[in-house]
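# Observations on the model geometry
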Amino acid sequence: MPVTSQLLRGLPRAKAFASSLLPCQHHQSHLCSLPALRGPSQTWQPHPAGRCYQTSSALHNYILTPPQVNSILKANEYSFKVPEFDGKNVSSVMGFESNQLPANAPIEDRRSAATCLQTRGMLLGVFDGHAGCACAQALSERLFYYIAVSLLPHDTLCELEASVEAGRALSPILQWHKHPNDYFTREAQSLYFNSLRTYWQELIDLTSPGDAPDTREALLNAFKRLDNDISLEAQVGDASAFLHYWVLRVAFSGATACVAHIDGPDLYIANAGDARAVLGVQEEDGSFSAHTLSNDHSAQNDSEVARIRSEHPHSERKTVIRQDRLLGLLMPFRAFGDVKFKWSIELQKRVLESGPDQLHENEHTKFIPPNYHTPPYLTAEPEITYHRLRPQDRFLVIGSDGLWETLHRQEVIRIVGEYLTGVHQRQPLKVGGYKVTLGQMQGLLEERKARMSSAFEDQNSATHLMRHAVGNNEFGTVDHERLSKMLSLPEELARMYRDDITIIVTQFRSEEKSK
């Protein structure tokens, strides 16, 4: 067995995909496609001022049945229960549940979860792609390996390198927990392995026996190194036409990343972009409160605006951020890939001129952002947050911005908390200032009663949260008719109403958190 496949053995082969989750390498037209055609929230064109689109009368008349709705919502759900004791350590993670709902076709979000086998801890991450899905796909396959290698002590790195040199079998670094739709790009595994090996060789030179890796430093280095490798691979190219095209697709598209590393009571969040991690904290009265562990890197973050303006000349103060977007185009202020915001104009032209013909057919790749004077304008350096888990910390929600655009963080935590505990907080019925008739009020009360008395139809907390994110009405309850209409929208309309949604809900063992 080749060394590459030994290290990466256990990776699932690409399987049959649901039509909404077709792998992006089979959709080459989506390479850096002009996002204006889909109007994504993250990329080049602003959302329309309001979401008051009208669907056709046929859509209004067609209502999916509850089983059809459930089939769509549950198509990509996944759950994993963590053994309490793995023979070495007691895990603070009880398990996790995840799900994805596409709006783009194919979906541009990705998710990953894995257990670190040669160190301790668990990794969970959400990757939100834009200008195509290639960069998010690469992150979902590669970033955890870079983090895991960064966490290895010097002696283990040396053993790893010695095994490769001798052609011996390698002990796996990660145990992946993947849905069948969460695939790997098999053609690129050798390239990915070679870049990873070069990284650990450099770590060997930079560390000494007995050095204990610092988790914060490991996360920081892994993010920055992978983004650098994505850029370098695109500049160097590959003898394989497919791989040459693929590395360029990865580099010219982009993705944000929000990753959690959980080891006993130690929780680290590394975030670059506008995905978000929020902790569900149970208060003494049984209610749940939201504790945000990440900051959005966008125009709504004053410190991010100040950071970007400080990195460029005063003459660019009015152009570096326009209409709340980087250079008037990009919503997240930190992201992987997106070399159009990082490379010099000369480098972009040189790489494109030597690239495959397919690139020349795409207008986006030729496009230079306006007022592009002092690159790089974009970084993948993460903001890292540490939190020591407490007994009252019950769960963690990591979600792409498609979730947080539809539900407030406190509402997200309440929905998940009530689902996991089965206890509903009887808050006053809110009608949000709307005028309601007695009949409508009775209907709302009956809906609340049905929701409380039903044995939740969802067996997955991420699915339950997704149902609310898509189907909530103005009163904060799931409206089946609304949910049906949202899920039956054709591809060209779905993206007007919402973004791709990816959710990971991680539940903690309360008795182990404070140890």
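An unreviewed UniProt entry lists the protein under the name [Pyruvate dehydrogenase [acetyl-transferring]]-phosphatase 1, mitochondrial, with Poecilia reticulata as the source organism. Under the heading Subunit (unreviewed entry), UniProt records this for the protein: "Heterodimer of a catalytic (PDP1) and a regulatory (PDPR) subunit." Check the Function (unreviewed entry) section of the UniProt entry for the protein; it says "Mitochondrial enzyme that catalyzes the dephosphorylation and concomitant reactivation of the alpha subunit of the E1 component of the pyruvate dehydrogenase complex (PDC), thereby stimulating the conversion of pyruvate into acetyl-CoA."

Moving on to the overall build of the protein. Looking only at helices and strands, the protein has 19 helices and 15 strands in total. Looking at the protein alone, contacts between residues at least 24 apart form 78% of all its contacts between residues at least 6 apart. Only carbon and sulfur atoms are counted for the fraction: they give 51% of the accessible area of the protein, which is about 21,700 Å².

What the rule picks out here adds up to 19 salt bridges. The partner of glutamate 304 in a salt bridge is arginine 334, with the nearest N and O atoms 2.6 Å apart. Residue glutamate 304 is located in helix 9 (residues 302-310), and its partner arginine 334 is located in the loop between strand 11 (325-326) and strand 12 (336-337); the two are separated by 30 residues in the primary sequence. For glutamate 304, a relative accessible area of 2% puts it in the buried group. Connected through salt bridges with shared partners, the residues Glu304, Arg307, Glu311 and Arg334 form a single ionic network.

Sheet strands pair via backbone hydrogen bonds, and the direction of the pair is either parallel or antiparallel. Spatially, the six strands line up as an open sheet ordered 1-2-15-14-8-9, and their pairing is antiparallel. Here the strands that pair on one side only, and so sit at the sheet edges, are strand 1 (78-81) and strand 9 (288-292). Neighbour-to-neighbour, the strand axes of the sheet open up by a mean angle of 20°, direction not taken into account. Where strand 8 (residues 276-282) lies against strand 14 (residues 393-399), six bridges are found, and the strand directions are antiparallel. Of the residues in strand 14, the one forming a bridge with leucine 279 is leucine 396. Lying over the sheet, helix 14 (residues 409-421) contacts strand 8, strand 9, strand 14 and strand 15 (501-508), oriented at roughly 130° with respect to strand 9.

Most of strand 7 (residues 266-272) sits out of view: six of its seven residues are buried. One ladder, built from seven bridges, connects strand 6 (residues 254-263) with strand 7; its direction is antiparallel. Bridging from a neighbouring strand, alanine 257 pairs with alanine 272 of strand 7. Here strand 6 folds back onto strand 7, and the loop between the two strands holds two residues, one of which, glycine 264, carries a positive phi near 60°. The sheet contact formed by strand 7 and strand 13 (residues 383-388) spans six bridges and is antiparallel. Looking across to strand 13, one finds that aspartate 266 is bridged to arginine 388.

Rules of the game
Residues numbered from 1 in each chain as written. Predicted model: local features only at pLDDT ≥ 70, side-chain atom pairs only at ≥ 80, totals over all residues. Heavy atoms only, no water. UniProt positions renumbered as here; feature names shortened; annotations may be inferred. Helix = DSSP H or I, 4+ residues; strand = E, 2+ residues; numbered from the N terminus. Contact = heavy atoms within 4.5 Å. Areas by Shrake-Rupley, 256 points an atom, 1.4 Å probe, with all protein chains shown as cover. Salt bridge = Lys/Arg side-chain N within 4 Å of Asp/Glu carboxyl O. Buried < 20%, exposed > 50% of the residue type's maximum accessible area, 1.4 Å probe, protein only. Pairing = 2+ DSSP bridges. Axes fitted to C-alpha atoms, helices over the stretch in contact; angles between N-to-C directions.

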